[in-house]
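Chain residues, written in single-letter form:
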Amino acid sequence: MIALAFDFGIKKIGVAVGENITKKGRPLNVLNAQNGYPNWDIVNNLIQYWQPKFIIVGLPLNINGTKQNMTNKSEKFANLLKYKFDITVKMHDERLTTVEAKSIIFKKDGFKGLKAEKIHSFAATIILESWFSQYFFKI
């Protein structure tokens, strides 16, 4: 089963694709956004190409688990995906995924590799793999 994941942001939205057998994801190109709205035609193309069973959207929470300003915006984005594309959308805790993504990129590519395009899509990959690990068991 294929799933897409989105790391929502106001200016950049990270995207990753993965499948449940290996519980692995890989980053795709970041989407540019204006006030949190991507080019919906590009999102449609991603969905048509990958044919995901689910879409996972990162749920930004404070460290203590409370909602923050971005939480509502991310939830709105998830709802738009659900209704525009008639697909199951799940929210998944994304606390510290950006920090983890930066750490992975820095170890691999150094300081020069820390670009928003990479960070957001790596964060989407971490969100997706975390969701797979939580909801799918290896046989």
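Preceding block: the structure.
Residues numbered from 1 in each chain as written. Predicted model: local features only at pLDDT ≥ 70, side-chain atom pairs only at ≥ 80, totals over all residues. Heavy atoms only, no water.

*Asks:* Kindly report on the packing of aromatic side chains, identifying the contributing residues and their values.
*Replies:* Overall, the coordinates contain seven aromatic pairs when judged by the stated rule. Measuring from centroid to centroid gives 5.9 Å for W40 and F77, while their planes differ by 25 degrees, and the two rings are stacked. Placement of the pair is W40 in helix α1 (residues 40-50) and F77 in helix α2 (residues 69-85), with a sequence separation of 37 residues. (Phe/Tyr/Trp six-rings, centres within 6.5 Å; stacked < 30°, edge-to-face > 60°. Helix = DSSP H or I, 4+ residues; strand = E, 2+ residues; numbered from the N terminus.)

*Asks:* So what about the packing of α1 against α2? Which residues, and what values?
*Replies:* One way to put it is that α1 packs onto α2 with a least axis distance of 12 Å and a crossing angle of 65 degrees. Judged by the angle between their axes, α1 and α2 are roughly perpendicular. With respect to the hand of their crossing, α1 and α2 are arranged in right-handed fashion. Of the residues in α2, those in contact with W40, V43, N44 and I47 of α1 are F77, L80, L81, K84 and F85. Among the residues forming the contact of α1 with α2, the class breakdown is seven nonpolar, one polar and one charged. (Axes fitted to C-alpha atoms, helices over the stretch in contact; angles between N-to-C directions. Parallel < 35°, antiparallel > 145°, perpendicular 65-115°, else oblique. Left-handed = near helix turned anticlockwise from the far one by under 90°. Contact = heavy atoms within 4.5 Å. Nonpolar A, V, L, I, M, F, W, Y, C, P; charged D, E, K, R; others polar.)

*Asks:* So what's going on with the side chain of S74? Residues and values would help.
*Replies:* Summarising the element assignment, S74 is placed in helix α2. Its relative accessible area of 0% is what places S74 among the buried residues. If we skip the residues at most four places from it in the chain, S74 touches F8, V57, G58, P60 and M91. (Buried < 20%, exposed > 50% of the residue type's maximum accessible area, 1.4 Å probe, protein only.)

Any functional reading would require information beyond the geometric quantities listed.
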